[in-house]
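Spelled out, the chains give:
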Amino acid sequence: MTEKEIKSSYAYYMKKFEENKELGAFMARITYQQIFNPKFLKANSKWDSIDAMIYGGGFGIMSLGEVPNVNQDKWNAYIQRNTKCSGWFIFGKLAMIEWMKETIKFYEENKKM
């Protein structure tokens, strides 16, 4: 997916979550582990786990919540070297798109029950 396609898809799926209170409730409880799950990371990066992504860069952080505290140029370069994305912001959007697709699928399947 190109950066433009990622941004467009992200906006499309975010709108679905904003318009549906039940989907919005899923969004309110999301964790980094759910977004950057092993399936997503293996398919879209050189990492196989969130821990490998966090600790592999040598930034001295213990969680993705600490990313704002590191040098952003270096962090983005690290993301670029290990993904096909231009940086952290786009990689995060790509992860969110995949999570939103899976969540909508789960929601639709269970809504029928």
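Up top is the structure.
This is a predicted model, so every value here is computed, not measured.

J.: What should I look at first to understand the overall build of the protein in this one?
T.: Across its full length, the protein holds 7 helices and 0 strands. Each helix (α) and strand (β) of the protein, taken in turn from the N terminus, gives the series α-α-α-α-α-α-α. Its C-alpha atoms put the protein at 45 × 30 × 25 Å along the principal axes. The buried share among the 113 residues of the protein stands at 35%. The contacts in the protein between residues at least 6 apart in sequence include a share of 59% that link residues at least 24 apart. With the model as given, the accessible surface of the protein reaches about 7200 Å², and the carbon-plus-sulfur share is 52%. Across the protein, the 17 positively charged side chains and the 13 negatively charged ones have centroids separated by 3 Å.

J.: In this structure, what is going on with the environment of K84? I would like to understand it.
T.: By secondary structure assignment, the location of K84 is in the loop between α6 (72-82) and α7 (88-111). Note: C-alpha distance between K84 and N44 (40 residues apart in sequence) is 7.3 Å.

J.: Teacher, can you tell me more about the packing of aromatic side chains here?
T.: Under the definition given, this model contains 13 aromatic pairs. Ring centres of F36 and F40 lie 6.2 Å apart, and the angle between their planes is 65°; this geometry places the pair in the edge-to-face category. Assessed through its relative accessible area of 4%, F40 is described here as buried. For the pair F36 and W88, a centre-to-centre distance of 5.3 Å together with 15° between the ring planes defines the contact as stacked. In this pair, F36 sits in the loop between α3 (32-35) and α4 (38-44) while W88 sits in helix α7, placing the two residues 52 residues apart along the sequence. Both residues of the pair, F36 and W88, belong to the buried class.

J.: Help me understand the packing of helix α2 (residues 21-28) against α7, please; the structure alone is not making it clear to me.
T.: It is at 11 Å that the axes of α2 and α7 come closest, and there the two elements cross at 130°. Put simply, α2 runs oblique to α7. For the pair α2 and α7, the sense of crossing is right-handed. The residues of α7 that touch α2, namely those facing E22, L23, F26 and M27, are M96, W99, M100, T103, I104, F106 and Y107.

J.: Hey, could you run me through the pattern of salt bridges in this one?
T.: Close approach of charged atoms allows side chains of opposite charge to pair. The final tally for this structure, using the stated rule, is 4 salt bridges. With its nearest N and O atoms 4.0 Å apart, the salt bridge here joins K39 to E102. Of this pair, K39 sits in helix α4 while E102 sits in helix α7; the two residues are 63 residues apart in sequence, bridging distant segments of the chain. Taking the relative accessible area as the measure of exposure, E102 reaches 43% and is therefore partly exposed.

J.: So what exactly am I meant to see when it comes to the side chain of T83 here?
T.: Tracing the chain through its elements places T83 in the loop between α6 and α7. On the basis of relative accessibility, which here comes to 12%, the residue T83 falls in the buried class. Among the polar contacts listed, one links the side chain of T83 to the backbone oxygen of I79, at a separation of 2.8 Å. At 3.0 Å, the side chain of T83 and the backbone nitrogen of C85 are in polar contact. Among residues more than four places away in sequence, those in contact with T83 are N44, S45, W47 and F91.

Thresholds, definitions, all that
- Residues numbered from 1 in each chain as written.
- Predicted model: local features only at pLDDT ≥ 70, side-chain atom pairs only at ≥ 80, totals over all residues.
- Heavy atoms only, no water.
- Helix = DSSP H or I, 4+ residues; strand = E, 2+ residues; numbered from the N terminus.
- Buried < 20%, exposed > 50% of the residue type's maximum accessible area, 1.4 Å probe, protein only.
- Contact = heavy atoms within 4.5 Å.
- Areas by Shrake-Rupley, 256 points an atom, 1.4 Å probe, with all protein chains shown as cover.
- Lys, Arg positive; Asp, Glu negative; His and termini not counted.
- Charge placed at Lys NZ, Arg CZ, Asp CG, Glu CD.
- Phe/Tyr/Trp six-rings, centres within 6.5 Å; stacked < 30°, edge-to-face > 60°.
- Axes fitted to C-alpha atoms, helices over the stretch in contact; angles between N-to-C directions.
- Parallel < 35°, antiparallel > 145°, perpendicular 65-115°, else oblique.
- Left-handed = near helix turned anticlockwise from the far one by under 90°.
- Salt bridge = Lys/Arg side-chain N within 4 Å of Asp/Glu carboxyl O.
- Polar contact = N/O pair within 3.5 Å; in protein donor to acceptor, adjacent residues only side chain to side chain.

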